[in-house]
Amino acid sequence: MNAQRKAPAAVAGADRGMDSYLPEHGNGGYQVRHYDLDLDYRLGPGRLSGRARITAAAGPSLSAFSLDLEDSFKVGRVTVSGKAARYTHRGGKLRVRPAKPVPAGADFVVDLRYVGTPVPVRSAHWGEIGWDQLTDGVIVASQPIGAPSWFPCNNTPADKAAYRISVTTATPYTVVANGVLVSQRTNASTTTWVYESTAPMAAYLATVQIGQYELVDLGPAQRAAVPGRLLPVFGHDFGRQPEMMSAFEALFGQYPFEEYTVVVVDDELDVPIEAQGLSVFGTNHVDGYRGAEHLVAHELAHQWFGNSLTVADWRHIWLNEGFATYAEWLWSECSGGVPAAGLAARSRSELARQRQDLRVSDPGARRMFDDRVYQRGALTLQALRVEVGDDAFFALLREWTLVNRHCTVTTEQFTTLAQRHTDRPLAPLFRRWLHETPMPLA
Ligand SMILES: [Zn+2]
């Protein structure tokens, strides 16, 4: 309303993050190193009891700091590095005041218990996001703001940390979470599943999937959790995924995590969902005709583009979605289908018929997941490939994933690196495709 009013000065422990699109999510003053989550989930009542131990490094000295956690939880006791701390919890923010300020640069551990019935976070533009009940189980899909629906976190893509996720639930159910399954213990009627993820992960990519699934191996370090009755059709529809993995490793460099798991939930899903080290599909993506194979490629590609290389700010979302969409086209080309150039031509004529009012490099929070970001992002890569040639283009992709492995990235970092792979000036190409709204003529 009042453009002249000065924004409040950034203070240590600010309960606003640095993200230009979603500043109300995420928090300033610290970086998380490790989340240790012990969750007990009762499927009937949908009740979650959790303990979170969060190890973080202070930036400046912190007399207070905040975490994101939905108000559907009641927070029990909070300690900071072993000492009871004062806190308030409302409006999705847990504000913590340690007994003594955390010294600048020091590590500290926040230990808290929380209990409640998790519900997805309502969002104005993207529907309900986060922990949600299936007909028989749980799905967690948090991009971009759903993570606080199930654990206290610094909910910004720029803060990546390691995780240990332990889930205890009724024994007939299978639990899949990020990372490697390090233990599975059954006591009476419940089983505790413990997963560890050493590669740093943004909170939105953390997930828990609970369902009556069969666990099967798909290939080296590739697993799947699938409702038993769908296994034969799944075996056919996802049968080329090991081949796809090899093709992507040749094009994008080594797969960035220890394992890759595909979960097929026993419900239909509008779209599949990527999480770190796993992807989640619905029964409608298993049709017996490989009708969703392009989505299998899209989600697998997110392991490089989105999960290993995570946007430093949501503004750069095309670095996730444009690349994953282009990977669909590359898989088509590699597997004997229509070459990327042909799919690009189709996409281009589709886009030419739509409104040209979207800037790929800055689509705005409301239109982050607009299909035009995906399509024009992929078309940018096709234009770049034509401009620099295949050898330079794929060398660039491999260098991009290697130098930024497990880090955060920006559009400028990509365009700068691209320029190092050719003598031809790329600024005009990037300006037309990424920074201007009209569809380029070439
Ligand atoms: Zn995607």
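Rules of the game
- Residues numbered from 1 in each chain as written.
- Predicted model: local features only at pLDDT ≥ 70, side-chain atom pairs only at ≥ 80, totals over all residues.
- Heavy atoms only, no water.
- Donors = N, O, S within 2.8 Å, 3.2 Å for Na, K, Ca; no water.
- Helix = DSSP H or I, 4+ residues; strand = E, 2+ residues; numbered from the N terminus.
- Buried < 20%, exposed > 50% of the residue type's maximum accessible area, 1.4 Å probe, protein only.
- Core = buried A, V, L, I, M, F, W, Y, C linked by side-chain atoms within 4.5 Å.
- Contact = heavy atoms within 4.5 Å.
- pLDDT = per-residue confidence, 0-100.
- Phe/Tyr/Trp six-rings, centres within 6.5 Å; stacked < 30°, edge-to-face > 60°.
- Pairing = 2+ DSSP bridges.
- Axes fitted to C-alpha atoms, helices over the stretch in contact; angles between N-to-C directions.
- UniProt positions renumbered as here; feature names shortened; annotations may be inferred.
- Arc of directions from axis to C-beta.
- Domains from an automatic or database assignment.
- Buried area = accessible area lost by both parts, 1.4 Å probe.
- Salt bridge = Lys/Arg side-chain N within 4 Å of Asp/Glu carboxyl O.
- Parallel < 35°, antiparallel > 145°, perpendicular 65-115°, else oblique.
- Left-handed = near helix turned anticlockwise from the far one by under 90°.
- Nonpolar A, V, L, I, M, F, W, Y, C, P; charged D, E, K, R; others polar.
- Polar contact = N/O pair within 3.5 Å; in protein donor to acceptor, adjacent residues only side chain to side chain.

Undergrad: I'd like a rundown of the coordination of the zinc ion, residues and numbers included.
TA: Within the protein, the atoms that donate to the zinc ion are His298 (NE2), His302 (NE2) and Glu321 (OE), at distances of 2.1 Å. All donors to the zinc ion come from one chain, and their sequence spacing reads H-x3-H-x18-E. Taken as a pair, histidine 302 in the loop between α3 (293-301) and β22 (310-311) and glutamate 321 in helix α4 (residues 318-334) lie far apart in primary sequence, 19 residues in all. Each of the two residues, histidine 302 as well as glutamate 321, counts as buried.

Undergrad: Run through the nonpolar core, naming residues and quoting values.
TA: It is characteristic of soluble globular proteins that their nonpolar side chains tend to be buried jointly. Counting 143 residues, the largest nonpolar core has Trp150, Phe151, Val208 and Phe248 as its most contacted members. Looking at which element gives the most residues to this core, the answer is α4, with nine residues. Discounting residues that sit within four places of it in the chain, valine 208 has contacts with Leu39, Trp131, Val138, Ile139, Val140, Trp150, Ile165, Val167, Val175, Val176 and Ala177.

Undergrad: Summarise the confidence of the model for the protein; cite the residues concerned and give the values.
TA: Chain-level pLDDT for the protein is 95 on average; 97% of the residues reach the 70-or-more range. In this model residues 1-12 is a low-confidence stretch, pLDDT under 50, and it forms four contacts with partners more than four residues away in sequence or in other chains.

Undergrad: Which residues make up the packing of aromatic side chains, and what values do they have?
TA: What the rule picks out here adds up to 30 aromatic pairs. Taking 5.0 Å as the distance between ring centres and 40° as the angle between the ring planes, the aromatic pair formed by phenylalanine 248 and phenylalanine 252 counts as tilted. One end of the pair, phenylalanine 248, and the other, phenylalanine 252, are both in helix α2 (residues 241-252), four residues apart, so they sit about a helical turn from each other. Overall, phenylalanine 248 belongs to the buried group, its relative accessible area being 0%. For the pair phenylalanine 305 and phenylalanine 323, a centre-to-centre distance of 4.9 Å together with 40° between the ring planes defines the contact as tilted.

Undergrad: Provide a residue-level description of the sheet that holds strand β18 (residues 222-226), including the pertinent values.
TA: The five strands lie next to each other as β17-β18-β19-β21-β20, forming an open sheet whose pairing is mixed. Edge strands, defined here as strands with exactly one partner in the open sheet, are β17 (214-219) and β20 (273-275). Going from strand to strand, the sheet's axes swing by 20° on average, the running direction of each strand aside. Relative to the sheet, α3 contacts β19 (260-264), β20 and β21 (278-281), its axis offset from that of β21 by approximately 150°.

Undergrad: Just give me the short version of the UniProt feature "binding site: Zn(2+)" (unreviewed entry) in the protein, but keep the residues and values in it.
TA: The UniProt record annotates "binding site: Zn(2+)" (unreviewed entry) at His298, His302 and Glu321. In three dimensions, the annotated residues from a span of 24 residues occupy one location, with a maximal C-alpha spread of 8.5 Å. Not counting residues up to four positions away in its chain, the partners in contact with histidine 298 are Glu321, Ala324, Thr325, Glu328 and Tyr374. You can call glutamate 321 buried: its relative accessible area is 2%.

Undergrad: Outline the UniProt feature "domain: Peptidase M1 membrane alanine aminopeptidase" (unreviewed entry) in the protein, supporting the account with residue identities and numerical values.
TA: Under the UniProt annotation, the feature "domain: Peptidase M1 membrane alanine aminopeptidase" (unreviewed entry) is placed at residues 243-433. Segment residues 243-433 splits into 51% helix and 8% strand. End C-alpha atoms: 32 Å apart.

Undergrad: Please set out helix α8 (residues 411-419) residue by residue, giving values where relevant.
TA: Listing the buried residues of α8 in full gives Thr411, Phe414, Thr415, Leu417 and Ala418. Buried positions in α8, seen along its axis, are confined to an arc of 165° and lie on one side of it. Next to the buried residues of α8 lie α4, α6 (371-388), α7 (390-403) and α9 (427-435).

Undergrad: So, the domain arrangement of the protein: which residues are in play, and what are the values?
TA: Taken domain by domain, the protein comprises domain 1 (8-212), domain 2 (213-303) and domain 3 (310-435). Each of domain 2 and domain 3 has a C-alpha centre, and these two points are 23 Å apart. The largest per-residue losses of area from domain 2 upon contact with domain 3 belong to Leu251, Phe252 and His298, which jointly make up 38% of the total buried on that side. The tally of links between domain 2 and domain 3 comes to zero salt bridges.

Undergrad: I'd like a description of the pattern of salt bridges, backed by residues and values.
TA: Across all of its chains, the model carries 22 salt bridges by this definition. As a salt-bridge pair, arginine 164 and aspartate 36 come within 2.6 Å of each other at their nearest N and O atoms. Of this pair, arginine 164 sits in strand β12 (residues 160-170) while aspartate 36 sits in strand β1 (residues 30-42), and the two are 128 residues apart along the sequence. Arginine 164 gets classed as partly exposed once you look at its relative accessible area, which sits at 21%. In this structure aspartate 36 comes out as buried when scored by relative accessible area, which is 15%.

Undergrad: Give me the packing of α2 against α3: which residues, what numbers.
TA: Where α2 contacts α3, the two axes come as close as 11 Å, and the packing angle between them is 45°. Our classification of the angle between α2 and α3 gives oblique. In this structure, the crossing between α2 and α3 has a hand that is right-handed. Across the interface between the two elements, Gln241, Met244, Met245, Phe248 and Phe252 of α2 pack against Glu293, Val296, Ala297, Leu300 and Ala301 of α3. Among the residues forming the contact of α2 with α3, the class breakdown is eight nonpolar, one polar and one charged.

Undergrad: If you had to explain the side chain of threonine 191 to someone new, which residues and values would you point to?
TA: Residue placement: threonine 191 occurs in strand β15 (residues 190-202). Overall, the relative accessible area of 2% leaves threonine 191 in the buried class. In this structure the side chain of threonine 191 is engaged in a polar contact, spanning 3.1 Å, whose partner is the side chain of threonine 171. Among the polar contacts listed, one links the side chain of threonine 191 to the side chain of threonine 186, at a separation of 2.9 Å. Those residues in contact with threonine 191 that sit more than four places away from it in its chain are Val167, Thr168, Thr169, Thr171, Gln184, Arg185 and Thr186.

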